[in-house]
Every structure is written in C-alpha cells, then in structure tokens.
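# Survey of secondary and tertiary structure
If you want the building blocks of each chain, they are given just below.
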Amino acid sequence: MYLSRLLVALLALPLLAIAAIRLYLSRKYARLPPGPPSNWLGKAAEPSGRSWLALEQMQNQYGPIIAIRNGPFQPPSIYITRAAPVLELLEKRGATTGDRPSNYVASQVLTGGMGLLFARYGDKFRRLRKAVHQLLMPKMAEAYGPLSERAARNMLRDMLDDTTNFKDVFHTYASSVINSMTFAKRNKTHYTDPSLVQALAWNRELVVAVTPGGYKCEAWPFLRYVPGYLSKPRAAFKRQLQDYLDKTRNVQREMTEGHAPPSFVKYMTERQQEYGLAQEELAWLSGSLYHAGSDTTAVTINHGLLAAAKHPAAQSKVKEELDAVVGSDRTPSFDDLPDLPYLNAFIREVYRWRSPNPRGFPHRMMQDEELNGYIIPKDSLVYGVHWCMHRDPTLFDDVDTFKPERWLETDEKGELRLRQDMRHFTWGFGRRNCPGMHIAERSIFM
Ligand code: HEM
C-alpha cells in the first residue's frame, strides 16, 4: 500500500513540475506577443534556415510582432516585421534596447570579450563604439576615397581576367579596402591570401556560434568546462588574435620608423591612452572591422550584379547616366557621386530588394517595454527583420518589383534627386546601428 502510494507520488511529481512551469510561464509572459505554439516545456521552434521567409508567412497568422518562446530558462525571441514598431522600440527607445545577447561562444571564446559587435551595453561598449565611430564617420570615410578607387580599378581588372568567379573577386575587393584602411596594407588582399582564408574560417565558427542551438553550452553552461568541448572556437580565436597582433605591430614599427601611412591602427595607437585600450584590444578591434564589413560588402556588391543582370532596363538607365556624367575616358570617382541620382537609387533598391542581413541582428532588452499593447520582456532578444520591413506595403508599393525610381523625385529645376523622406533598414537600428555604413556605402558605390 505504502509502496504504491509512493509510486503514484513519484509519477505525479514530474507532472506537477510541468504544470508548475507552465503556470509560471503563463503568468510571467501573460502579455507576450502571439507566436507559434510551444511544447510541454514552453519552448517553440526558432525559425531556422531562410528564417525571414518563414517569418513573413508567420506575420499573416500572428501579426507583425511575433514571440518565439524559449522555455523556462531562456528569454523569448521577438521578431518584428513592420517598420513602425521596430523604429519605436529599437530607435526611439534605444537607451533600453541597445544591449546584445550574452552568447558565450561569440562574445567570449571567439572574440576574447574584446569585440564591439557582441559587446554588452555599458562603459566598455561606449569606449569601443566611440573609438570606431571616430574613425568611420563620413569625414574619415572620404579620406579613404583614394584607397577604394585604387581597389575598385583592381577589381575591374580582376573581373575582366576571370569572368566566372565574381563572388571571389568582390571578396578580394572588400577585403583589400578594409585591410588597407585598418592596417595600411598597400597591396591587394587576394581571396586566396592565407590570412583571409583563416579569417573566413573564423567567420564560419561565428556563424555556428550565433545559430540557435549551435553550441549547447549556451543553454547548459556546465558544458563550457568539459575538456575539448570548445577547443575549435578557442583555437580559431588564438590564430586570429595572433594575426591581428602581428599586423598591428607592423604598423607600430612603421610609426616608430616615421613612415606609417594613415590607418585605423595608427590612429588608435596615437589615442591608445585616451580610449584606455590594451594592445590586444586595439589589435582585435582593428581586425574585427574586417569581420564586420568585408563579407557584408562583398555580398551586397554581388546582389547589385544580380539585380543588374535580372533587370536589364534598370541597368541600361544606370549606364546612360554613367555615360552622360563620367563618359568613357575615365573610371568614376567619388566626386561624381552627387551627380548620379539614378545609380544611387539603384543601390538603395538593391539594399531593399535583397538585404545582406535579411533576418536582422539581435538587440537585447534591458528592461520590460510595452509595445502595441504587448510586453516585450527584459532580456528578450529583439530582431527587426530587414527582409519583411523592406517589403512593408505601408512603406513600399509593389514590393516584388525592382524599381529604383521609387527612391527618386524631381526637384524644382526638373532634375532627378534622391527622396529624403524614405529610408531602408540595411544598417540596423538605434545605438547599435552599423558604424561602418559610410565606408560600406562608398565601397559599394565604387
Ligand atoms: C554592406 C555592408 C554592411 C552591412 C549590410 C552592415 C550591416 C550591419 C548591421 C545590420 C549591423 C547590426 C545593426 C544592429 O544591430 O541594429 C552592423 C553592425 C556593425 N557593423 Fe556593419 N555592415 C556593413 C559594413 C560594415 C563595415 C564596412 C564596417 C567597418 C568598417 C562595419 C562595422 C560594423 C560594426 C563594428 C558593427 C557592430 C556595431 C555595434 O554592435 O555597436 N560594417 N552592420
């Protein structure tokens, strides 16, 4: 009798525990936005693969603010697919939405806690961000003009030499621009360059680290201490840091010899005390610009080429404008930029048509916020989904059509100019928006 009661109690315990967890979650998240149903532990499937397409479908069912529940121990993910609520939350209330997820492998193991992209909101973030901002602001971006122009001429030659492999040619171009900007590297960084191949391997490690479920130690921290479990990302970080330290020391040696050309490392070394950066931090911050900016720039140029091939009428208009403004005796320069409204509109439409970061980048909530009647809880990860926002019919008509004209208007003199009342979302939001946007825009224009 006693035994059978004990057995019943033992069997009932897990059921009671599950009921308690479900009750706790339903109270804690009573005003969470709607989203797909969760399992018995309160966990729903995170959209994976081409998640932005799944999210576009989901918004028809759940509306533009979608919550994916992550069980009792992990905060939910919130995906927002319309511009108005994203801008309200991530821009207007940027002071409470500027944090990043505490992804252990990405923010600690792979970056040694020194990267800006994963820096938690706080003093260190402000210090790193200020340093990067100083260097990448529009005035400085202009100063890098000749570097980009030279790299662009090399790219054109490479495209003529190899008409089958534009993707790698664009990688070579984007990497050359960033490496000459950060480490004053004079010669081009070919896509087969060992340091580039190594950096791309590191990028792949990062993709695994930020993919939900990529490393189980994010949910089960004890795994961090299992010997060998994190050896791959640890080795990738060590190799990368060594490469950046070597390049940084080269620039600093040239500085003491008095012949270092302008570069990010030179600029930062001159202000190392002011920004309170240790040598490793300085080297990593400089090198990490490559990770943040090279792939994204190359992918965007690739999208531009795709758009030109797929939309020959728009391509002809760009060509007509280039013929009229630049002619055929020289290559375009940055001075031509203001006189090429159609090309500028074409590039904006490329950003809209195929976002380089279609899912968006996560911001972490620093406190509960009410949005459209829902509570977005502290610690949840919020994504402004670029793909869906760029297809928001309240902002863009005829969203499936590639239409550079949508970005243009005619001024009082009857001349075309870019509309000032429209924007795209490629550079992200609020206090974590992309500090490299001016550099990237110029590299892409070239
Ligand atoms: C087409 C090229 C590029 C695209 C599409 C792009 C896009 C983005 C996006 C979406 C974010 C996250 C914004 C957010 O969380 O709201 C970001 C962050 C960042 N980008 Fe870019 N980026 C590009 C090029 C560059 C370049 C060339 C650099 C540097 C030279 C750069 C440096 C950074 C850094 C350091 C961050 C982290 C900022 C932070 O967390 O505070 N990016 N970028």
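Residues numbered from 1 in each chain as written. Predicted model: local features only at pLDDT ≥ 70, side-chain atom pairs only at ≥ 80, totals over all residues. Heavy atoms only, no water.

Under the defined criterion, the tally for this structure stands at 15 aromatic pairs. Ring geometry for Tyr-215 and Tyr-229: centres 6.1 Å apart, planes at 85°, overall edge-to-face. One end of the pair, Tyr-215, is in the loop between α9 (194-210) and α10 (231-257); the other, Tyr-229, is in the loop between α9 and α10, and 14 residues separate them in sequence. Taken together, a centroid distance of 5.4 Å and an interplanar angle of 75° make the contact between Trp-353 and Phe-402 edge-to-face. (Phe/Tyr/Trp six-rings, centres within 6.5 Å; stacked < 30°, edge-to-face > 60°. Helix = DSSP H or I, 4+ residues; strand = E, 2+ residues; numbered from the N terminus.)

A lone protein donor binds the iron atom of the ligand: Cys-434 (SG), at 2.3 Å. In this structure, Cys-434 sits in the loop between β8 (416-418) and α17 (437-445). (Donors = N, O, S within 2.8 Å, 3.2 Å for Na, K, Ca; no water.)

To continue, consider the pairing of strand β1 (residues 65-68). Going residue by residue along β1, you find Ile-65 and Ala-67 tucked away on one face and Ile-66 and Ile-68 tucked away on the opposite face as well. Here β1 pairs with strand β2 (residues 77-80) via 4 bridges, running antiparallel. In the sheet register, Ile-65 faces β2, and the bridge partner there is Ile-80. (Buried < 20%, exposed > 50% of the residue type's maximum accessible area, 1.4 Å probe, protein only. Pairing = 2+ DSSP bridges.)

Neighbouring the ligand are 28 residues, the closest being Arg-100, Arg-129, His-363, Phe-429 and Cys-434. At 2.8 Å from an oxygen atom of the ligand is found a side-chain nitrogen or oxygen belonging to His-363. At 2.9 Å from an oxygen atom of the ligand is found a main-chain nitrogen or oxygen belonging to Phe-429. Considering each element in turn, the shell around the ligand owes the most residues, 5 residues, to helix α13 (residues 279-310). Here the shell around the ligand is composed, by residue class, of 15 nonpolar, 10 polar and 3 charged. (Near = heavy atom within 4 Å. Polar contact = N/O pair within 3.5 Å; in protein donor to acceptor, adjacent residues only side chain to side chain. Nonpolar A, V, L, I, M, F, W, Y, C, P; charged D, E, K, R; others polar.)

What follows covers the pattern of salt bridges. Scanning the model with the defined rule gives 31 salt bridges in all. For Asp-323, the salt bridge is made with Lys-319, and the minimal N-O distance between the two is 2.9 Å. Linking Asp-323 with Lys-319, this pair stays in helix α14 (residues 312-325), spanning 4 residues, or about one helical turn. Given the relative accessible area of 40%, Asp-323 is considered partly exposed. Put simply, Lys-403 and Asp-398 hold a salt bridge, and the shortest N to O gap is 4.0 Å. Bridged by salt links that share partners, the residues Glu-349, Arg-352, Asp-397, Asp-398, Lys-403 and Arg-406 form one connected network. (Salt bridge = Lys/Arg side-chain N within 4 Å of Asp/Glu carboxyl O.)

What follows concerns the environment of Gln-59. Here Gln-59 shows up in helix α2 (residues 51-62). The class of Gln-59 is buried, set by a relative accessible area of 11%. Residues Gln-59 and Leu-289, 230 residues apart in the sequence, show an inter-C-alpha distance of 34 Å. Apart from residues lying up to four places away in sequence, Gln-59 is in contact with Ile-66, Thr-81 and Arg-82. Only 3.4 Å separates the side chain of Gln-59 from the side chain of Arg-82, close enough to count as a polar contact. (Contact = heavy atoms within 4.5 Å.)

Burial of nonpolar side chains together is a common tendency in soluble globular proteins. In terms of nonpolar packing, the biggest core is built from 55 residues, with Ile-78, Ile-80, Leu-89, Tyr-173, Phe-346, Ile-376 and Val-382 touching the most fellow members. At 8 residues, helix α15 (residues 341-353) tops the list of elements feeding residues into this core. Counting 47 residues, the second-largest nonpolar core is a separate cluster that includes Cys-217, Leu-277, Ala-283 and Trp-284. (Core = buried A, V, L, I, M, F, W, Y, C linked by side-chain atoms within 4.5 Å.)

Moving on, we come to the confidence of the model for the protein. The predicted model of the protein averages 88 in pLDDT, with 97% of residues at 70 or higher. Element-level pLDDT for the protein is lowest in helix α6 (residues 138-143), with a mean of 67, against a maximum mean of 97 in helix α16 (residues 386-389). (pLDDT = per-residue confidence, 0-100.)

Taking 1.5 Å as the rise per residue, α2 with 12 residues should run 16 Å; its terminal C-alpha atoms sit 15 Å apart, in good agreement. Along α2, the positions that sit buried rather than exposed are Ser-51, Leu-55, Glu-56, Met-58, Gln-59 and Tyr-62. Looking straight down α2, one finds its buried side chains confined to an arc of 165°; they lie on one side. In α2, those exposed residues whose orientation departs by more than 90 degrees from the buried face are Gln-57, Asn-60 and Gln-61. Where the residues of α2 are buried, they touch β1, β2 and α16. (Expected span 1.5 Å × (residues − 1). Arc of directions from axis to C-beta.)

Here we take up the side chain of Ser-180. Note on placement: Ser-180 falls in helix α8 (residues 166-183). For Ser-180, a relative accessible area of 6% corresponds to the buried category. For Ser-180, the side chain forms a polar contact with the main-chain oxygen of Ser-176, separated by 2.7 Å. From its side chain, Ser-180 meets the backbone oxygen of Val-177 in a polar contact 3.1 Å long. Other than its neighbours up to four places away in sequence, Ser-180 contacts Leu-147 and Lys-185.

In this section: the pairing of β2. Neither face of β2 is open: one carries Ser-77 and Tyr-79, the other Ile-78 and Ile-80, and all of them are buried. Bridge analysis of β2 against strand β6 (residues 381-384) gives 4 bridges, and the strand direction is parallel. Paired with Ile-78 across the strands is Val-382, a residue of β6.

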